[in-house]
Amino acid sequence: RKVGLMGTVGIMYGDTLIESPNSTPESTVIHHYLKEMYENGIDTVVMEATSQGFKLHRTHGITFDVGIYTNLSPDHIGPNEHESFEEYKECKKMLFSQSKTIIANGDCEHLGYFRENCDVEITTFGFGNVQHKAVDEKYEKDENGLYTEYGLAPETRVDEEGKEYQYEPCWFRI
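Residues numbered from 1 in each chain as written. Predicted model: local features only at pLDDT ≥ 70, side-chain atom pairs only at ≥ 80, totals over all residues. Heavy atoms only, no water.

Visitor: I keep staring at the overall build of the protein and nothing clicks. Help me out?
Guide: Counting its regular elements, the protein contains five helices and 11 strands. Counting only residues that meet the buried cut, the protein has 37% of its 174 residues in that class. Of the roughly 10700 Å² of accessible surface on the protein, 50% is carried by carbon and sulfur atoms. (Helix = DSSP H or I, 4+ residues; strand = E, 2+ residues; numbered from the N terminus. Buried < 20%, exposed > 50% of the residue type's maximum accessible area, 1.4 Å probe, protein only. Areas by Shrake-Rupley, 256 points an atom, 1.4 Å probe, with all protein chains shown as cover.)

Below is the structure:
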């Protein structure tokens, strides 16, 4: 694969690096460089799509093959970003509506809202609050040095809004 990148670090593909004043560039800039990347043999683009970029419709017209959702926290509420937590949440929701599939932090307390209000396949990752438990008490290490929860079997869990979902144990390395 030949990969391009758009984000806080700029726009990069091949030997090209262009500075960008925004983590998610203006829509005309995005489409210009997507075309340029395509013409230069780039077949995959990783893009940092921020809530501010969604708010200002910078990603309008783009369908992401995969969207990655990490968190929703009040640190982006203020006069220069989002007027309220509700507005911020609605902007984050645009990632879900513009993606064919989502990979989401299953430990995020707000994931249930997106599960309930978005019609997209969601696969989760996370540690199941491993930061609050001793690793040796809850996890076992296999012959490859990977840890997983004891039992390994997927289980049905219920999110904060009462909706059931399938939880698959997380593999990680310390």
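Visitor: Looking at this model, I keep getting lost on the side chain of S20. Mind explaining?
Guide: Residue placement: S20 occurs in the loop between β3 (16-18) and α1 (27-39). Residue class for S20 comes out buried when judged on its relative accessible area of 18%. A polar contact is formed between the side chain of S20 and the backbone oxygen of N22, at a distance of 2.8 Å. In contact with S20, other than residues within four places in its own chain, are G7, G10 and P25. (Polar contact = N/O pair within 3.5 Å; in protein donor to acceptor, adjacent residues only side chain to side chain. Contact = heavy atoms within 4.5 Å.)

Visitor: Would you mind showing me how to read the sheet that holds strand β4 (residues 44-47) here?
Guide: Paired through their backbone hydrogen bonds, the strands of a sheet run either parallel or antiparallel. The mixed open sheet is built from four strands, whose spatial order is β3-β2-β1-β4. One side of each edge strand has no neighbouring strand; the edge strands of this open sheet are β3 and β4. Pairs of neighbouring strands in the sheet enclose a mean axial angle of 10 degrees, with direction left out of account. The pairing of strand β1 (residues 3-7) with strand β2 (residues 10-13) spans three bridges and is antiparallel. By the bridge assignment for β2, G7 is matched with G10. Of the strands in this sheet, β1, β2, β3 and β4 touch α1, which is tilted by about 10 degrees from β2. (Pairing = 2+ DSSP bridges. Axes fitted to C-alpha atoms, helices over the stretch in contact; angles between N-to-C directions.)

Visitor: How should the sheet that holds strand β7 (residues 121-125) be read in this particular structure?
Guide: Spatially, the three strands line up as an open sheet ordered β5-β6-β7, and their pairing is parallel. Strand pairing shows two members of the sheet lacking a second neighbour, β5 (64-69) and β7, which therefore form its edges. Between one strand and the next, the sheet's axes are offset by a mean angle of 20 degrees, whatever the strand orientation. Here five bridges tie β5 to strand β6 (residues 99-105), and the two strands are oriented parallel to one another. Paired with Y69 across the two strands is A104, which belongs to β6.

Visitor: Explain the pairing of β1 to me, please; I cannot follow it from the model alone.
Guide: On a regular strand, one side chain projects to one face of the sheet and the next to the other, so that they alternate. Pairing of β1 with β4, which is carried by four bridges, proceeds in the parallel orientation. Residue pairing across strands places L5 opposite V46, the latter belonging to β4.

Visitor: Got a minute to help me understand helix α3 (residues 85-97) in this structure?
Guide: Compared with the 18 Å implied by 1.5 Å per residue over 13 residues, the 19 Å span of α3 between its first and last C-alpha is a close match. In this structure, the buried residues of α3 make contact with α2 (51-55), β5, β6, α4 (111-117) and β7. (Expected span 1.5 Å × (residues − 1).)

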